[in-house]
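Inside the fold
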Amino acid sequence: MRPLIALALLGLVLSAQAQGVYRIVGPDGKVTFSDQSPPANTSAQPVGSATRGSAASANAQLPFELRQIVNRFPVTLYAGPDCAPCNSGRSLLESRGIPFTEKTVTTANDAEALKRLSGDSSLPLLTVGSQQIKGYSSTEWSRYLDVAGYPMKSALPPGYRRPAASALVDAVAAPTPSSPAAPAQAASPAEVPVPVTPPSNNPAGIRF
């Protein structure tokens, strides 16, 4: 009875949009991560936004029915290096032919963004639409994929290549320190600009 109730509830909430995480740079230059919409006076971008174009390009190759499922319930794997459960989860998705995006968690910024997204820093994390499955369980992962409508066997076209794994938080280049400005030198008498009297047809007095 309990699995049936869980599946019924899952079917009701799978249509919700996945919650995003934003990388926010405040007026003082401080960087934070939040799953709430950023204030208007801050610079913000969705975490991992750099790979969305490549994922859309890869999904365009999919059969129509599978593409519809991917658009409604996108699958994302959050994994880390030297993570055996992450490798097992990736193998399950690949063997079943699930089109998915992989985000790697390797830096402190990645870990902070993951915690904002899921509430903790455990890996792997799988998202199917708005649903989050923490830790790896082939039975649980398969159940969520089944309810979302993904086929049991691969329906990927020949030559399909999923987007390459990318960091959860896009790398931001550090600003290049500017060289000290040269001390101003006093203008020589020959360099003193000579006032130009605007012609009569230039009533605004614009000077070039």
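These lines cover the structure that appears in this document, whether it is placed above or below.

Another point: the pattern of salt bridges. Where charged atoms of side chains with opposite charge meet at close range, the side chains can pair. Counted under the stated rule, the structure contains 5 salt bridges. A salt bridge links Glu94 to Arg162; the nearest nitrogen and oxygen atoms lie 3.5 Å apart. Here Arg162 lies in the loop between helix H6 (138–148) and strand S8 (166–167) and Glu94 lies in helix H4 (residues 84–96), a separation of 68 residues in the sequence. In this structure, Arg162 and Glu102 form a salt bridge, with 3.3 Å as the shortest nitrogen-oxygen distance. Here Arg162 is found in the loop between H6 and S8, whereas its partner Glu102 is found in strand S5 (residues 100–104), with 60 residues between them in sequence.

The next thing to look at is the sheet that holds S8. Spatial strand order, S7-S6-S4-S5-S8: 5 strands in an open sheet with mixed pairing. Two strands bound the open sheet, and with one partner strand each, they are strand S7 (131–134) and S8. Direction of pairing for strand S4 (residues 75–79) relative to S5: parallel, over a ladder of 5 bridges. Residue pairing across strands places Tyr78 opposite Lys103, the latter belonging to S5.

Criteria and cut-off values
Residues numbered from 1 in each chain as written. Predicted model: local features only at pLDDT ≥ 70, side-chain atom pairs only at ≥ 80, totals over all residues. Heavy atoms only, no water. Salt bridge = Lys/Arg side-chain N within 4 Å of Asp/Glu carboxyl O. Helix = DSSP H or I, 4+ residues; strand = E, 2+ residues; numbered from the N terminus. Pairing = 2+ DSSP bridges.

Shape descriptors only; they carry no functional weight alone.
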